[in-house]
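# A look at the structure
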Amino acid sequence: MTARSAATAETVVDDLAGGVERMVRWHDATDLLAELGTTAVVQMAPGRATADLFRTAHPDVPVVSLGDSSFADSLVRAQRLASRA
């Protein structure tokens, strides 16, 4: 929700709860991840909206969405990303 890194369990819970009732700053969050040196992104199913947003904003960072294909195929793709990082 805040597009800031959450360092404590309390902060994570507050941010998740707040994201239900307020606008979430997804673009700012993807920028923060890139600034922190993210080398790959894996989006858990269902959906791929966040993966698509990240891919558009930061095309140099590999992105895997587990909803793109079968779980087994997605797992292989995610493992390949992890081995490159």
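Cut-offs used in this document
Residues numbered from 1 in each chain as written. Predicted model: local features only at pLDDT ≥ 70, side-chain atom pairs only at ≥ 80, totals over all residues. Heavy atoms only, no water. Core = buried A, V, L, I, M, F, W, Y, C linked by side-chain atoms within 4.5 Å. Buried < 20%, exposed > 50% of the residue type's maximum accessible area, 1.4 Å probe, protein only. Contact = heavy atoms within 4.5 Å. Helix = DSSP H or I, 4+ residues; strand = E, 2+ residues; numbered from the N terminus. Salt bridge = Lys/Arg side-chain N within 4 Å of Asp/Glu carboxyl O.

Counting five residues, the largest nonpolar core is built from V41, A51, F54, V61 and V63. Apart from the residues lying within four places of it in its own chain, the contact partners of F54 are T30, L33, A34, T38, V41, V61 and V63.

With that settled, the discussion passes to the environment of S70. By the element assignment, S70 lies in the loop between β2 (63-65) and α4 (71-84). For S70, a relative accessible area of 38% puts it in the partly exposed group.

As enumerated under the stated definition, the model contains three salt bridges in all. Residue R25 is joined to D28 by a salt bridge in which the shortest nitrogen-to-oxygen separation is 2.7 Å. Two residues, D52 and R55, come together in a salt bridge whose shortest N-O distance is 2.9 Å. Linking D52 with R55, this pair stays in helix α3 (residues 49-57), spanning three residues, or about one helical turn. Among the charged side chains, a salt-bridge network with shared partners connects R48, D52 and R55.

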